[in-house]
Amino acid sequence: MHHTSHPEGPRTRLHGSQVAVPCWLLRGGTSRGPFFRAADLPADPAARDAVLLAALGSPDPRQIDGLGGATPLTSKAGIVGPSSRPGIDLEFRFAQLQPDSDRVDTTANCGNMLAAVVPFALEAGLLAPEGDLTTARVLTLNTGLRAEIRVHTPADAAGRRHVAYEGPARVDGVPGTASPVEIAFLDTAGSVCAGLLPTGRVRDRVRLSGLGTVEVTCIDNGMPLVLVAASALGRTGRETVAELDADRELTDRLEELRLACGELMGLGDVTARNYPKMTLVSPPASGGTLSTRSFIPHVCHTSIGVLAAVTAATACALEGSVAHELAAGVTGTDVAVSVEHPSGEFTVTLGLDSARGPGVTRAALVRTARLIMAGDVLVPRHTANREEALR
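Residues numbered from 1 in each chain as written. Predicted model: local features only at pLDDT ≥ 70, side-chain atom pairs only at ≥ 80, totals over all residues. Heavy atoms only, no water.

## So, the overall build of the protein chain
The condition is simple: In this description a helix means any DSSP run of H or I spanning at least four residues, a strand means any run of E spanning at least two, and both kinds are numbered starting from the N terminus. Both definitions apply: the radius of gyration is a C-alpha atom measure, and the globule rule equals 2.2 Å times residues to the power 0.38. Residues are treated as being in contact if the distance between any of their heavy atoms lies within 4.5 Å. Surface accessibility in these figures is a Shrake-Rupley result with a 1.4 Å probe; residues are shielded only by whichever protein chains are displayed. Positive residues here are Lys and Arg, negative ones are Asp and Glu, while His and the chain termini are left out of the count. To locate a charge, take NZ of a lysine, CZ of an arginine, CG of an aspartate or CD of a glutamate.
Each helix and strand counted, the protein chain has seven helices and 17 strands in total. Computed over its C-alpha atoms, the radius of gyration of the protein chain comes to 21 Å, within 12% of the 21 Å expected for a compact globule of 391 residues. Residue pairs in contact within the protein chain that sit at least 24 positions apart in sequence constitute 64% of those at least 6 positions apart. Taken as a whole, the protein chain presents about 15600 Å² of accessible surface, with 49% of it coming from carbon and sulfur. In the protein chain, 36 side chains carry a positive charge and 42 a negative one; their mean positions are 2 Å apart.

## A few points about unusual backbone geometry
Here Ser-58 and Pro-59 are connected by a cis peptide whose omega angle stands at 0°. For Pro-59, the position within the fold is in the loop between α1 (45–56) and β4 (76–82). Even without glycine at this site, Gln-63 takes up a positive phi of about 50°. A positive phi angle, close to 70°, is found at Ala-70, a residue other than glycine. With respect to the helices and strands, Ala-70 occurs in the loop between α1 and β4.

## Here we look at the side chain of Asn-112
Position of Asn-112 among the secondary structure elements: in helix α2 (residues 111–114). Not counting chain neighbours up to four residues away, the residues in contact with Asn-112 comprise Gly-28, Gly-29, Thr-30, Ser-31, Ile-304, Gly-305, Val-306 and Arg-367.

## Looking at the environment of Val-192
Heads up, the condition is: Only protein chains enter the calculation, and the probe is 1.4 Å; a residue is then buried if its accessible area is under 20% of its type maximum, exposed if over 50%, and partly exposed in between.
Inspection of the secondary structure assignment puts Val-192 in the loop between β8 (181–185) and β9 (204–208). You can call Val-192 partly exposed: its relative accessible area is 25%. Between the C-alpha atoms of Val-192 and Ile-149, which are 43 residues apart in sequence, the distance is 21 Å.

## Side note on helix α5 (residues 248–264)
Threshold: Here a helix's expected span is defined as the number of its residues, less one, multiplied by 1.5 Å.
In this model α5 runs 24 Å from its N-terminal to its C-terminal C-alpha over 17 residues, within 8% of the 24 Å that 1.5 Å per residue would give. Three or more residues of α5 are buried, namely Leu-250, Thr-251, Arg-253, Leu-254, Glu-255, Leu-257, Arg-258, Cys-261 and Gly-262. Along its buried surface, α5 packs onto β9, β10 (212–220), β11 (224–229), α4 (241–246), β12 (277–282) and β13 (290–295).

## Brief notes about α1
The periodicity of an α-helix, 3.6 residues per turn, causes residues three or four places apart in sequence to face the same way. Between its first and last C-alpha, α1 extends 16 Å over 12 residues, near the 16 Å set by a 1.5 Å rise per residue. Of all 12 residues making up α1, nine are buried, and the element is well covered by its neighbours. Considered for burial, the residues of α1 that qualify are Ala-47, Arg-48, Asp-49, Val-51, Leu-52, Leu-53, Ala-54, Ala-55 and Leu-56.

## Structural notes on the pattern of salt bridges
Stated precisely, the cut-off is as follows: Salt bridges are defined by distance alone: a side-chain nitrogen of Lys or Arg within 4 Å of a carboxyl oxygen of Asp or Glu.
Enumeration according to the criterion identifies 19 salt bridges in this entry. In this structure, Asp-105 engages Arg-103 in a salt bridge whose closest nitrogen and oxygen atoms are separated by 3.8 Å. Beyond isolated ion pairs, a larger network of salt bridges with shared partners links Arg-203, Arg-205, Glu-215 and Glu-325.

Written out as structure tokens, the structure reads:
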């Protein structure tokens, strides 16, 4: 366990008619957003969400009045604090915002933003570096997901350790290279649903209006996904993100399918939820294992989310799934699955256990992260109770 430092209370303050909240803007994988120490935000969820909405500039399609980047991938936030739970160093709450919505969703995970949690904690004084490599266990409060994360923390000439951001690791969808952030997920099956296969089957049949029956695989190994063959919806799976986003017939069918599968998966009415994610699958095009086009959930992801990639990779190993029949051969108990996406590929290493039916004992991958800005984000005082915001 790490010795975490506890900064002396929150450092929010008044700045004229606004509240200044300490904030670190980080890229995690192919996502980006502000990170906050839990102690610096209001404890009341409604007041906390008001601060996050103001910080990102939602609701507004351009998020012109905040830090958001006008896409779901850049409309995210992270809240991190030290943990007193045995075996856990940090507790992370992920918040998904949308540019044009006033809703803050803290029910799902985000593996990309997870990659920035330990770098943020080190930068913000929540965690002390230990040697050239610092390893921390992180609990995601959204779903109870636990991960062990390792980052490089070399010493400078004066012996002071810092987070390394430069390095050789490349993540498709991110320019250049960076220092690797190694993530090993400890318990991903049934992150939101009741289990790995929430319907109890590797394949389900769903009737769509005007199209007939479509076969899908409903699966949750870190992220609830509905996998459907692109060909079943009259598409190739090679379409660009722009083509798919402009394909209104397709997006309408995917939403009809998503709502039906949400009920099948025991999630109830998912109209206002960001999951399950819809993922079109097709045979690999560039030497990988499976080609994907993932929707999050109403626009196509320019790459694929970390936990969506883990879940899609898992489906490749499940005989009978819609992914398995399209994927290049996945055999053995320790396999590297290359998930192709619009920006390149994403390799997930899976430890498989077939002795007790389909199961995943380990899922590991490499992401990168970078600190972009550190300072204060200013939010109007009326967004949160002044006393609560300045507690």
